[in-house]
Amino acid sequence: MPETRTLAPRAPWVTLATTEQDWAQAEPALLGTLLAHCQIIRGFEETVLALAAEGLVHGPAHSSIGQEGGAAGSIVGLTAADGVNGSHRGHHQFLAKSLAYLCPQGIDPKGDLPASVPGLLQRTLAEILGLAQGFCRGRGGSMHLRWPEAGALGTNAIVGGGVPMAAGQAWANRHAGTDAVMVTYFGDGAINIGSVLETMNLAAAWKLPLCFFIENNRYAVSTGVEESTAEPRLSARGGAFNIPSWHVDGMDPLAVHLAMQAALRHMRAGKGPTLIEADVYRFFHQNGPYPGSAFGYRSKEEEKAWRDRDPLALLARRMMQRRLITQAQLDVLRERVAQAMRAAVEALVEPDPQAEEGKRRIRPALWPAPDFRDVGILGDLGEMENAPVADRDGFHGGIAECKFIDAVAEVMDRRMAQDDRIVVMGEDVHRLKGGTNGATRGLAQRYPGRCLGTPISENAFVGLAGGIALDGRYRPVVEFMYPDFMWVAADQVFNQIGKWRHMFGGGDAVPLVLRTKVAMGTGYGSQHSMDPAGVFVTCPGWRIVAPSDPFDYVGLMNAALRCQDPVLVIEHVDLYNAEGPGPVDDYDYVLPVGRAAMRRTGPAVTVIAYLSMVRHALQALDEAGIDADVIDLRWLDRASLDWDTIGASVRKTSNVLIVEQGARGTSYGGWLADEIQRRYFDWLDQPVQRVTGALAAPSISRVLERAAIARTEEVAEALREVMRNKGEA
């Protein structure tokens, strides 16, 4: 018989419960603040549900009634430097963190509400109603609340979506040498999301000061936790990643507070992340003013049992037992909160003169202006005003032939030497003498702690980079070994990083650079070979650059690292070992944003290309003996496209050929052709012609791979077709 022995997690995993002694020794000011926070949150949420019942909340109203104790208990002990983020059900955490920021000495439940509180309540309510005075200028609503000054760093409508971001802000806190921590809130539904588990692993491996706070309210919409997992003790997840974990009754705010104090001691000592699972209960359905029993997935008996454990009633009873508050004083507190909420509503809502008596409407003057619709998708590029802008025709430094990959490594070395905010991360970037292609050569040795090799967890580490970017103290540069991996991290790339600035009101800078390479022709097959430009251009929150030679790479990377928007830098393996013009000693110039390069001029046709296809286009023209304009786009995103150069060329040639290498299904040229035909229809002698790869992604077989991608031969055939359509052989 084999010998067996029982294993146990390395990290402690405990249940924490309060005792009579804990309640007897708790500071009166602490209990009073907990009570005040809970009562203010409850009054706010009751008002939101009442407005939702009137039809005045457009979109969801995810109430946190019943869960106030978890937010108040975990947040009143945080400092202004500590941050929190959360999920779609996040009103209570947002309010608790904002109250703690505005009232750092606590709130006396027996006194008047602090003068700053009514304004907070009105502005938060305005956001939930979608009004211009809201924290996100009406764009966020119930699910997207953010007030960076208060350390309320964003709630999130994607289940588990904000967790990697929180890790990035925790990394920034630690790297800056502070003892500030991050707390990321999510529910039982998110505990099984890949990005959450990836982030737990990454945070533990890097010892980040991040608390994973699980609000276990037992239902993901209507699906019970026992249906979703074979281990419903959700704090068990911490042991898998060596994270100390606490299980606590979330209906007991003091117990939550004590658990958080223990977690804070661990994190502030530099020992890494923690996990707290708080058992709570939402008294209402997932969304709106009805109980879950109205939808049949919970019983009225279950709901009553949890209501009997209301955290507000527990706090009131315990404080009355210690003669810290009376019933009359508690009634006054409730009325003061109710008065503040009535005032907030009256400021935002008025009787509807076009409806029956008693009906109300949002005050029309408070809605955001319709022309605010697209404001803030990207920044205004004010950061480029004093940049050392230079293009090749006006460059005063030396230029010589060099390898493309050498320019990639040299410019990053130069920037990291001059800007200690830059941090590079990705799989193997710290190994193999510069990563898998030599792009990060020497960086790990010269800049310790700033060239970070990551686990194979794209969702976690690109989201972590997003959090670092939003923190503002550092500039992350992320390498995706292959662009196909963006589908693994699509939530963080598109739902989070790409939408963030616009979604939260247009004011947040997101200075992040994402590098990746097109590997067509290398035999790496369908899942390592895509050109991502056609997908990224559909997400308007990203800028996209695609350099075709070493000189442009340096100038475009410098622009990307100066830009306050997320920038995708696309490279191509065909270019890495190819030689081209590059700077000799000046690695500081910036190519102007939104300016294409005219690589050749001629009257026959306008050829538009990027990356390695610029060379293929030039070669095809030489072989065919055709004089044409060749435009190297360099900037590919809609906001940065050089329509002046494109338009002038189209008006001259009246014929357009768009050249790209990648698959037809994810084609960049598809949308570009449509836009050119809409803008310049009257000047075109024939439809815009296109060169793309095949419908399918490239295969491993050398023959099938070549058949699936475009090169010089395909461009040459397309040029012949253009000339035939013009009536010229």
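All of these numbers come straight from a predicted model, not from anything done at the bench.

Caption draft 1: Looking closely at the packing of aromatic side chains. One pass over the full model with this rule turns up 22 aromatic pairs. Ring centres of Tyr281 and Trp306 lie 4.9 Å apart, and the angle between their planes is 5°; this geometry places the pair in the stacked category. A residue pair is termed long-range when its members are at least 10 positions apart, and Tyr281 in the loop between β9 (274–279) and α11 (300–307) and Trp306 in helix α11 qualify at 25 residues. A relative accessible area of 0% means that Tyr281 is categorised as buried. With a relative accessible area of 15%, Trp306 lands in the buried category. Taken together, the ring pairs connect Phe94, Tyr101, Phe135 and Trp147 into an aromatic cluster. Sitting over the face of the ring of Trp306, Arg309 holds its NZ or CZ atom 4.9 Å from the ring centroid. Sitting over the face of the ring of Trp671, Arg638 holds its NZ or CZ atom 4.3 Å from the ring centroid.

Caption draft 2: Region of the structure containing the domain arrangement of the protein chain. According to the domain assignment, the protein chain consists of domain 1 (13–366), domain 2 (409–583) and domain 3 (597–726). Taking only C-alpha atoms, the centre of domain 2 and the centre of domain 3 are 26 Å apart. On the side of domain 3, 28 residues touch domain 2, which itself brings 33 residues to the contact. For the pair domain 2 and domain 3, the two sides together bury roughly 2,500 Å², of which 57% comes from carbon and sulfur.

Caption draft 3: View of the nonpolar core. Formed by 132 residues in total, the largest nonpolar core has its most connected members in Phe480, Leu633, Ile646, Tyr668, Leu672 and Ile676. Discounting chain neighbours no more than four positions away, the residues touching Leu633 are Arg595, Ala596, Ile608, Ala609, Tyr610, Leu641, Ile646, Tyr668 and Leu672.

Caption draft 4: Structural context of the packing of helix α2 (residues 28–53) against helix α5 (residues 117–128). Axis separation between α2 and α5 bottoms out at 11 Å; the angle between their running directions is 35°. Where α2 crosses over α5, the two elements pack in a sense that is right-handed. Contact with α2, carried on its side by Ile40, Phe44, Thr47, Val48 and Leu51, involves Val117, Leu121, Thr124, Leu125 and Ile128 of α5 and no other residues of that element. Partitioning the contact of α2 with α5 into residue classes produces eight nonpolar, two polar and no charged.

Caption draft 5: How the structure looks around the sheet that holds strand β18 (residues 567–572). The six strands are arranged β14-β13-β15-β16-β18-β17 in an open sheet whose pairing can be described as parallel. At either end of the open sheet lies a strand with only one pairing partner, and these are β14 (451–453) and β17 (543–545). Averaged over all neighbouring strand pairs, the angle between strand axes comes to 20°, with direction disregarded. As defined by bridge partners, β17 adjoins β18 across three bridges and the pair is classed as parallel. In the strand pairing of β18, Val545 is matched with Val569. Relative to strand β13 (residues 422–426), helix α14 (residues 404–418) is tilted by about 135°, and along the sheet it contacts β13, β15 (475–480), β16 (513–518) and β18.

Caption draft 6: Representation of the sheet that holds strand β22 (residues 628–632). Taken together, the five strands give an open sheet; going across it, the order is β20-β22-β21-β23-β24, and neighbouring strands pair in mixed fashion. The strands lining the two open edges of the sheet, one partner per strand, are β20 (597–603) and β24 (689–691). Neighbour-to-neighbour, the strand axes of this sheet turn through a mean angle of 20°, independent of strand direction. Here strand β21 (residues 606–609) runs beside β22; their pairing, made up of four bridges, is parallel. Directly across from Thr606, in β22, lies its bridge partner Asp629. Contacts from helix α24 (residues 669–680) reach β21, β23 (656–659) and β24 within the one sheet, and its direction differs from that of β23 by about 160°.

Caption draft 7: Region of interest: the UniProt feature "domain: Transketolase-like pyrimidine-binding" (unreviewed entry) in the protein chain. According to UniProt, the feature "domain: Transketolase-like pyrimidine-binding" (unreviewed entry) maps to residues 402–578 in the numbering used here. Between the first and last C-alpha atoms of residues 402–578 the distance is 8 Å; the span itself is 38% helix and 18% strand.

Caption draft 8: Inspection of helix α26 (residues 712–725) at higher detail. The end-to-end C-alpha distance of α26, which contains 14 residues, comes to 20 Å, matching closely the 20 Å that a straight helix rising 1.5 Å per residue would cover. Within α26, the full set of buried residues consists of Thr712, Val715, Ala716, Ala718, Leu719, Val722 and Met723. Taken end-on, α26 shows its buried residues confined to a sector of 165°, consistent with a single buried face. The secondary structure elements touched by the buried residues of α26 are β21, α22 (613–624), β23 and β24. Downstream of α26 by a residue or two, Gly727 has a phi angle that is positive, lying close to 85°.

Caption draft 9: Summary view of unusual backbone geometry. Backbone geometry at Arg137 places phi at a positive 60°, although glycine is not the residue there. If you trace the backbone, Arg137 turns up in the loop between α5 and β3 (152–155). Non-glycine residue Arg218 carries a positive phi angle of around 80°. By the element assignment, Arg218 lies in the loop between β5 (210–216) and β6 (219–220).

Caption draft 10: Looking closely at the pairing of strand β4 (residues 182–187). With six of six residues buried, β4 lies mostly within the body of the structure. Residues Met182, Thr184 and Phe186 point to one face of β4 and Val183, Tyr185 and Gly187 to the other, with burial holding for every one of them. Regarding topology, helix α7 (residues 194–206) serves as the crossover connection from β4 to the parallel β5, and that connection is right-handed.

Caption draft 11: Local environment of the pattern of salt bridges. What the rule picks out here adds up to 45 salt bridges. Notably, a salt bridge pairs Arg268 with Asp82, separated by 2.7 Å at the nearest N-O pair. Taken together, the residues Arg268 in helix α10 (residues 253–268) and Asp82 in the loop between α3 (68–75) and β2 (83–86) connect sequence positions 186 residues apart. Judged by relative accessible area, which is 26%, Arg268 ranks as partly exposed.

Conventions used here
- For every chain, the first residue of its written sequence is number 1, and the numbers climb from 1 along that sequence.
- Owing to the predicted nature of the model, reporting of local features is limited to residues with pLDDT of at least 70; listing and counting of side-chain atom pairs is limited to 80 or more, with chain, interface and lining totals taken over all residues.
- Where side-chain values are given, they derive from all heavy atoms of the structure, hydrogens and water being excluded.
- Only rings of Phe, Tyr and Trp enter the pairing, Trp through its six-membered ring, and a pair is recorded when the two centres are within 6.5 Å. The plane angle decides the type: under 30 degrees is stacked, over 60 is edge-to-face, the rest tilted.
- Only runs of H or I of at least four residues qualify as helices and only runs of E of at least two qualify as strands under DSSP, and these elements are numbered from the N terminus.
- Accessible area is worked out with a 1.4 Å probe on protein chains only. A residue is then buried under 20% of its type maximum, exposed over 50%, and partly exposed in between.
- Should the NZ of a Lys or the CZ of an Arg lie within 6 Å of a ring centre and within 35 degrees of the ring normal, that charge is described as sitting over the ring.
- Reported domain spans reflect what an automatic or database domain assignment gives.
- Contact definition: two residues touch when any of their heavy atoms are within 4.5 Å.
- In this description, buried area is defined as the sum, over both parts, of the accessible area (probe of 1.4 Å) that is lost when the two are combined.
- By nonpolar core we mean a set of buried residues, namely Ala, Val, Leu, Ile, Met, Phe, Trp, Tyr and Cys, connected to one another through side-chain atoms within 4.5 Å.
- Helix axes use the C-alpha atoms of the stretch in contact, all axes being lines fitted to C-alpha atoms, and the angles between their N-to-C directions lie in the range 0 to 180 degrees.
- If you view the pair so one helix is near and one far, a crossing is left-handed when the near helix is turned anticlockwise from the far one by less than a right angle, and right-handed when it is turned clockwise.
- Note on residue classes: Ala, Val, Leu, Ile, Met, Phe, Trp, Tyr, Cys and Pro are nonpolar, Asp, Glu, Lys and Arg are charged, and everything else, Gly too, is polar.
- Pairing between strands is defined by DSSP: at least two bridges between them are needed.
- UniProt positions are given in the numbering used here, feature names are shortened, and annotations may be inferred rather than shown by experiment.
- The span one expects for a helix is its residue count, reduced by one, times 1.5 Å.
- The arc in question is traced by the directions running from the helix axis to the C-beta atoms.
- Orient the strands so they point away from the viewer, and a crossover whose first-strand-to-second-strand path over the helix runs clockwise is right-handed.
- Basic side-chain nitrogens of Lys or Arg form a salt bridge, by our definition, when they fall within 4 Å of a carboxyl oxygen of Asp or Glu.

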